[in-house]
Amino acid sequence: MADECFGHPRLAALYDPLEADRGDLDAYLLMVEEFGARRVLDIGCGTGVFALLLADRGIEAVGVEPAGASLDVARGKPGGARVRWIEGDATSLPPLEADLATMTANVAQAIADPDAWHGTLRGARAALRPGGRLVFETRDPARRAWEGWTRRESYRRTDVPGVGAVESWHQVTDVDGPLVTFRTTYVFAADGAVLTSDSTLRFRERQEVEADLAGHGYALEQVRDAPDRPGREFVFVARRPGA
């Protein structure tokens, strides 16, 4: 099931205003050019920001997302009809022959269940043409990013057009080995409503991800740095062997 921040209609509509800076997607757009990709599968596409950027550049984009409320936001955006939206996950995709599959932002880490993770890797490989690539990022566990997920460090107040002021913050509720669970709280000034969303991320070691990729038949080409977060992320570039 999708977290409330993606699956609750009121919260899904907040995602873009609260995450307005998507400079993290620049590196993915550059890789689309680098690899000459013309058909791209965006796994965990959320509100469709990346898929729509691709469509604007004439790329055939397919966005798959399990949260229907987020897909409703994506479909309603200008240009939304140019993207093929699929409600679900990578385990039940139609044949696509994609040149590139992506998992941007926290998507790979949000697939915390091992069975779901392995199913995603299998599904992504099946959706790629021979020679196609899978690209995704995950935080380096050694940097312990979750230690900054406190109300004091994450609190912000955002004026959202048509909604009013919204206060939001994160607070870690549990750390259990590689699993970090945190709660995001949203307070709406307009009516005083308080909504929360609980999320769990899996912090995988680089060697674990490399072994998983090899186990599912990928050839690891490179592990890159995230240009906007140097030293904090692993960006994996893996290829489906073939032509």
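Everything discussed here concerns the structure shown above.
Predicted model only: the values in this text are computed from it and were never measured. (Residues numbered from 1 in each chain as written. Predicted model: local features only at pLDDT ≥ 70, side-chain atom pairs only at ≥ 80, totals over all residues. Heavy atoms only, no water.)

Another point: unusual backbone geometry. Even without being glycine, Glu-97 reaches a positive phi, approximately 55°. Of note, the phi angle at Arg-144 is positive, near 50°, even though the residue is not glycine. Topologically, Arg-144 is positioned in the loop between β5 (128-139) and α9 (151-154). Take Arg-144: its relative accessible area is 41%, and that puts it in the partly exposed class. (Helix = DSSP H or I, 4+ residues; strand = E, 2+ residues; numbered from the N terminus. Buried < 20%, exposed > 50% of the residue type's maximum accessible area, 1.4 Å probe, protein only.)

Before going further, it helps to examine the nonpolar core. Counting residues in hydrophobic clusters, the biggest one holds 27 residues, and the most contacted among them are Leu-41, Met-103, Leu-134, Phe-136 and Leu-213. For this core, the elements supplying multiple residues, two or more each, are β1 (39-43), β2 (60-65), β4 (98-103), α7 (107-110), α8 (114-127), β5, α10 (206-215) and β11 (233-239). At four residues, α8 tops the list of elements feeding residues into this core. Those residues in contact with Leu-134 that lie beyond four places of it in its chain are Ala-101, Met-103, Leu-121, Ala-124, Leu-128, Leu-213, Tyr-218, Phe-236, Val-237 and Ala-238. (Core = buried A, V, L, I, M, F, W, Y, C linked by side-chain atoms within 4.5 Å. Contact = heavy atoms within 4.5 Å.)

A few words now on empty space enclosed by the protein. Tallied over the entire structure, the rule returns one cavity of 30 Å³ or more. Taken as a whole, the largest cavity encloses approximately 40 Å³ of empty space. As for the largest cavity, its lining consists of Asp-24, Ala-27, Tyr-28, Met-31, Glu-137, Ala-226, Pro-227, Asp-228, Arg-229 and Val-235. The dominant element in the lining of the largest cavity, judged by the number of residues it contributes, is helix α4 (residues 26-34), at three residues. Broken down by class, the residue content of the lining of the largest cavity amounts to six nonpolar, no polar and four charged. (1 Å grid on protein atoms, 1.4 Å probe; cavity = no way out; pocket = protein on both sides within 12 Å on 5 of 7 lines; lining within 4 Å. Points joined across faces, edges and corners; volume = space filled by probe spheres on them. Nonpolar A, V, L, I, M, F, W, Y, C, P; charged D, E, K, R; others polar.)

Looking now at the sheet that holds strand β8 (residues 179-188). As summarised here, the arrangement of the four strands in space is β6-β7-β8-β9, forming an open sheet in which the pairing is antiparallel. A strand with exactly one partner marks an edge of an open sheet, and here the two such strands are β6 (156-160) and β9 (194-202). For this sheet, the mean angle separating the axes of adjacent strands, direction not counted, is 25°. Note: β6 against strand β7 (residues 164-176), five bridges, orientation antiparallel. Opposite Thr-158, over in β7, you have Val-166 as the bridge partner. (Pairing = 2+ DSSP bridges. Axes fitted to C-alpha atoms, helices over the stretch in contact; angles between N-to-C directions.)

Before going further, it helps to examine the pattern of salt bridges. Applying the stated criterion to the full structure yields 17 salt bridges. Two residues, Lys-77 and Asp-16, come together in a salt bridge whose shortest N-O distance is 2.6 Å. Within this pair, whereas Lys-77 is found in the loop between α6 (68-75) and β3 (84-87), its partner Asp-16 is found in helix α3 (residues 15-18), the two being separated by 61 residues in sequence. With a closest N to O distance of 2.6 Å, Asp-99 and Arg-129 form a salt bridge. Pair noted here: Asp-99 is in strand β4 and Arg-129 is in strand β5, with a separation of 30 residues, a long-range link. The exposure class assigned to Asp-99 is buried, which follows from its relative accessible area of 16%. (Salt bridge = Lys/Arg side-chain N within 4 Å of Asp/Glu carboxyl O.)

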